[in-house]
Amino acid sequence: MSGVLDSVNQRTQLVGQNRLELLLFKLNGRQRFGINVFKVREVLQCPSLTAIPKQNAMIRGVAYIRGQTIPIIDLGMAIGGKKCEDLTTAFIIIAEYNRSVQGFLVASVERIVNTNWDLIMPPPKGTGRASYLTAVTKFEEELVEILDVEKILDEISPIKAEVSENLASSLDMSDQEQSDKIIFIADDSAVARNQVKKALTALGMNIESAKNGKEALDRLKELAEETGDITDKVGVIVSDIEMPEMDGYTLTAEIKNTPELQNLKVVLHTSLSGVFNQAMVKKVGADDFIAKFHPDELASAVQKWFGK
């Protein structure tokens, strides 16, 4: 386990090369799951948990870790499965999503694997857990499922997606000269896409979305073919970073290196945070970086860059 923890702290050089590292874990069975190492702060054996009265059943309690009280979510229960019965052998994955820190209770943690985003594929349709997946990949000839953590967190504790009334009154852009342009969204999480759409509805603009970077890039090129310059059709793109097939960093670099797309303003909108990611934003040429999820900040950023 110490090797896993050391690796979590050392992986920074792969981002921006359409590569990632997944921390593999299991819940209640043989199925492997994965979480991006960049989301992980720490992995440790499950400590003593303190129950909270009238709390969501999926939150098994809170743990006091390094001076911080952290809610511990049973991932097995969260995706409709069995709860983790034996806490003495379980682990928690401490991760940061949407500007908050959570602990995810899992049965076991295996190892970290290095892979490419183009090997991370959208989830198959018709599977029982499909609604809780954002992507799948293969490791050692076995399927690895990547969970839609944003969906899980939204079901446990929904966040407000609409902008504040004061801001909304000053943001309407529908009567501006460029009101025929669209706002483009790229995000692999259906919940996240809907949250972004709700936040940007206050702008009064048309919105189009894609489920990953490759789909977004292909669509942007299609739109650009009509006039030769994407900015005639799209005012700004809001893109997640973690997406199957092509991540947001690679998408941004492709946009900035393609003549008919390079004038498009790119706002990266992600639950990944930290100084390193700010450096990557500059490296790939993104115009802005907004941490998920604050609707007022997102809407203000889109208004700032729209059509510039």
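Cut-offs and rules
- Residues numbered from 1 in each chain as written.
- Predicted model: local features only at pLDDT ≥ 70, side-chain atom pairs only at ≥ 80, totals over all residues.
- Heavy atoms only, no water.
- Helix = DSSP H or I, 4+ residues; strand = E, 2+ residues; numbered from the N terminus.
- Buried < 20%, exposed > 50% of the residue type's maximum accessible area, 1.4 Å probe, protein only.
- Contact = heavy atoms within 4.5 Å.
- Areas by Shrake-Rupley, 256 points an atom, 1.4 Å probe, with all protein chains shown as cover.
- Polar contact = N/O pair within 3.5 Å; in protein donor to acceptor, adjacent residues only side chain to side chain.
- Pairing = 2+ DSSP bridges.
- Axes fitted to C-alpha atoms, helices over the stretch in contact; angles between N-to-C directions.
- pLDDT = per-residue confidence, 0-100.
- Expected span 1.5 Å × (residues − 1).
- Core = buried A, V, L, I, M, F, W, Y, C linked by side-chain atoms within 4.5 Å.
- Parallel < 35°, antiparallel > 145°, perpendicular 65-115°, else oblique.
- Left-handed = near helix turned anticlockwise from the far one by under 90°.
- Nonpolar A, V, L, I, M, F, W, Y, C, P; charged D, E, K, R; others polar.

*Asks:* Describe the overall build of the chain, naming the residues involved and giving the relevant values.
*Replies:* Assigned secondary structure in the chain consists of nine helices and 15 strands. Per-residue burial over the chain gives 52% buried out of 308 residues. Restricting to contacts in the chain with at least 6 residues of sequence separation, those with at least 24 account for 65%. Carbon and sulfur atoms make up 47% of the accessible area of the chain, which amounts to about 14,000 Å² in all.

*Asks:* For the side chain of K39, give the residues involved together with the corresponding values.
*Replies:* By the secondary structure assignment, K39 is in the loop between β2 (32-36) and β3 (40-45). The exposure class assigned to K39 is buried, which follows from its relative accessible area of 5%. Among the polar contacts made by the side chain of K39, one reaches the side chain of E242 at a distance of 2.3 Å.

*Asks:* Break down the sheet that holds strand β4 (residues 59-65) for me, with residues and values.
*Replies:* Taken in spatial order, the five strands make up an open sheet running β3-β6-β7-β5-β4, and their pairing is mixed. Single-partner strands in this sheet number two, and they are β3 and β4. In this sheet, neighbouring strand axes are inclined to one another by 30° on average, regardless of whether the strands run parallel or antiparallel. Here strand β6 (residues 91-97) runs beside strand β7 (residues 100-106); their pairing, made up of seven bridges, is antiparallel. Considered in β7, the bridge of I92 is made with L105. In this fold helix α3 (residues 149-156) packs onto β4, β5 (68-74), β6 and β7, with an angle of close to 100° to the strand it touches most, β7.

*Asks:* I'd like a rundown of the confidence of the model for the chain, residues and numbers included.
*Replies:* Any segment with low pLDDT has predicted coordinates that should not be analysed in fine detail. Counting all residues, the mean pLDDT for the chain is 85, and 87% of those residues have values of 70 or more. Low pLDDT (under 50) marks residues 1-15, which in the prediction has 30 contacts with non-local residues, meaning those over four places away or in another chain.

*Asks:* Can you break down the sheet that holds strand β11 (residues 182-186) residue by residue, with the values?
*Replies:* Taken together, the five strands give an open sheet; going across it, the order is β12-β11-β13-β14-β15, and neighbouring strands pair in parallel fashion. Edge positions in the sheet fall to β12 (206-210) and β15 (288-291), since each has one partner strand and no second. The sheet shows a mean angle of 20° between the axes of neighbouring strands, taken without regard to direction.

*Asks:* An account of helix α6 (residues 213-225) is needed here, citing residue identities and associated values.
*Replies:* Compared with an ideal rise of 1.5 Å per residue, which puts 13 residues at 18 Å, α6 spans 18 Å between its outermost C-alpha atoms and is within 8% of the ideal. On its buried side, α6 packs onto β11, β12, β13 (234-239) and α7 (248-256).

*Asks:* Residue-level account of α3, with values.
*Replies:* Counting buried positions along α3 yields six of eight residues, so the element is predominantly enclosed. Turning to α3, its buried residues number three or more, namely V149, E150, K151, I152, L153 and I156.

*Asks:* Provide a residue-level description of unusual backbone geometry, including the pertinent values.
*Replies:* In this model, K292 is joined to F293 through a cis peptide bond whose omega is -15°. Looking at the secondary structure, you find F293 in the loop between β15 and α9 (295-305). Residues other than glycine seldom take positive phi values, yet R66 does so here, at roughly 50°. Along the chain, R66 falls in the loop between β4 and β5. Assessed through its relative accessible area of 69%, R66 is described here as exposed.

*Asks:* I'd like a rundown of the nonpolar core, residues and numbers included.
*Replies:* Core analysis: the biggest nonpolar cluster contains 29 residues, and L23, F25, I93 and F104 have the highest contact counts within it. Excluding its chain neighbours within four sequence positions, the residues that come into contact with F104 are I73, L75, F91, I92, I93, A95, Y97, V149 and L153. One finds A216, I230, I255 and L268 within the second-largest nonpolar core, a separate group that totals 27 residues.

*Asks:* With reference to specific residues and values, describe the packing of α6 against α7.
*Replies:* Here α6 crosses α7 at 20°, and the two axes come no closer than 9 Å. Comparing their axes, α7 and α6 come out roughly parallel. In the packing of α6 onto α7, the handedness of the crossing is right-handed. Across from G213, A216, L217 and L220 in α6, the residues of α7 making contact are L251, E254 and I255. A class-by-class count of the residues in the contact of α6 with α7 yields five nonpolar, one polar and one charged.

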